[in-house]
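Listed below are the residues making up each chain.
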Amino acid sequence: MGADDYRHKFAEFLSTQPAGADLTYEQVVRAQSRQELGISSLTMIVVLMSYIKKYTNGGVSVRPEWVPRLNDLDGIASVLREIDASAADPVRH
């Protein structure tokens, strides 16, 4: 999946989270940053943990190097891609 695919996956996932309850799919896909969406850094970590739990059954740990990339949507998409890749390749995590 490419970056746009992961933006869409993030938009779909975010709609299932309390942090995304008031956001439309289109708002998330068009946004450049999580700040535009009103998502704090702490809330983004909580969303990321929920994503990890759902898609890896907790089999991947949050990596400190991901944190600076969680400010913009392209960075979030790249982190989600790494999480999915780590879940598919148990040696990586």
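Criteria and cut-off values
Residues numbered from 1 in each chain as written. Predicted model: local features only at pLDDT ≥ 70, side-chain atom pairs only at ≥ 80, totals over all residues. Heavy atoms only, no water. Phe/Tyr/Trp six-rings, centres within 6.5 Å; stacked < 30°, edge-to-face > 60°. Helix = DSSP H or I, 4+ residues; strand = E, 2+ residues; numbered from the N terminus. Buried < 20%, exposed > 50% of the residue type's maximum accessible area, 1.4 Å probe, protein only. Lys NZ or Arg CZ within 6 Å of the ring centre and 35° of its normal. Expected span 1.5 Å × (residues − 1). Contact = heavy atoms within 4.5 Å. Polar contact = N/O pair within 3.5 Å; in protein donor to acceptor, adjacent residues only side chain to side chain. Core = buried A, V, L, I, M, F, W, Y, C linked by side-chain atoms within 4.5 Å. Axes fitted to C-alpha atoms, helices over the stretch in contact; angles between N-to-C directions. Parallel < 35°, antiparallel > 145°, perpendicular 65-115°, else oblique. Left-handed = near helix turned anticlockwise from the far one by under 90°. Nonpolar A, V, L, I, M, F, W, Y, C, P; charged D, E, K, R; others polar.

Undergrad: Would you mind showing me how to read the packing of aromatic side chains here?
TA: By convention here, two paired aromatic rings are described through the distance between centres and the angle between planes. For the structure shown, the criterion picks out three aromatic pairs. Geometrically, the ring pair formed by Tyr 51 and Tyr 55 is tilted, given 4.5 Å between the ring centres and 40° between the ring planes. Of the two residues, Tyr 51 and Tyr 55 are both situated in helix H3 (residues 41-56); the distance of four residues between them amounts to about one turn of the helix. With relative accessibility at 1%, the residue Tyr 51 sits in the buried group. Here a set of aromatic residues connected by ring pairs shows up, and it is made of Phe 13, Tyr 51 and Tyr 55. One residue, Lys 9, lies across the ring of Tyr 55, its end atom 4.2 Å from the ring centre.

Undergrad: Teacher, can you tell me more about helix H4 (residues 73-88) here?
TA: Counting along an α-helix, one turn takes 3.6 residues, and residues three or four places apart therefore face a common direction. The first and last C-alpha atoms of H4 sit 23 Å apart over 16 residues, in line with the 22 Å expected at 1.5 Å per residue. The inward-facing, buried residues of H4 contact helix H1 (3-14), helix H2 (25-30) and H3. Two to three positions downstream of the cap, the backbone nitrogen of Asp 74 sits 3.1 Å from a side-chain oxygen, assigning the N-cap of H4 to Asp 72.

Undergrad: Can you help me understand the environment of Ile 52 in this one?
TA: Structurally, the position occupied by Ile 52 is in helix H3. For Ile 52 and Lys 9, which are 43 residues apart along the polypeptide, the C-alpha to C-alpha distance reads 13 Å. With residues near it in sequence (within four places) discarded, Ile 52 still touches Asn 57, Gly 58, Val 60, Val 62, Trp 66 and Ile 83.

Undergrad: For this particular structure, what's the right way to read the environment of Val 67?
TA: In this structure, Val 67 sits in the loop between H3 and H4. It is 14 Å that separates the C-alpha atoms of Val 67 and Arg 81, two residues lying 14 residues apart in sequence.

Undergrad: Help me out: how do you make sense of the nonpolar core in this one?
TA: The tendency in soluble globular proteins is for nonpolar side chains to be buried as a group. In terms of nonpolar packing, the biggest core is built from 24 residues, with Phe 10, Val 28, Leu 48, Leu 80 and Ile 83 touching the most fellow members. Elements with a contribution of two residues or more to this core: H1, H3 and H4. For this core, the leading source of residues is H4, giving six residues. Here Leu 80 is in contact with Tyr 6, Phe 10, Leu 48 and Tyr 51, once residues within four sequence places are set aside.

Undergrad: Explanation requested: the packing of H3 against H4 in the structure shown.
TA: Packed helix pairs are characterised by how far apart their axes lie and by the angle those axes make with each other. Relative orientation of the contacting elements H3 and H4 amounts to 30°, with a least axis distance of 10 Å. By the angle between their axes, H3 is roughly parallel relative to H4. Here H3 and H4 pass one another in a crossing that is right-handed. Within the contact between the two elements, H3 uses Met 44, Leu 48, Tyr 51, Ile 52, Tyr 55 and Thr 56 and H4 uses Ile 76, Val 79, Leu 80, Ile 83, Asp 84 and Ala 87. When its residues are assigned to classes, the contact of H3 with H4 shows 10 nonpolar, one polar and one charged.

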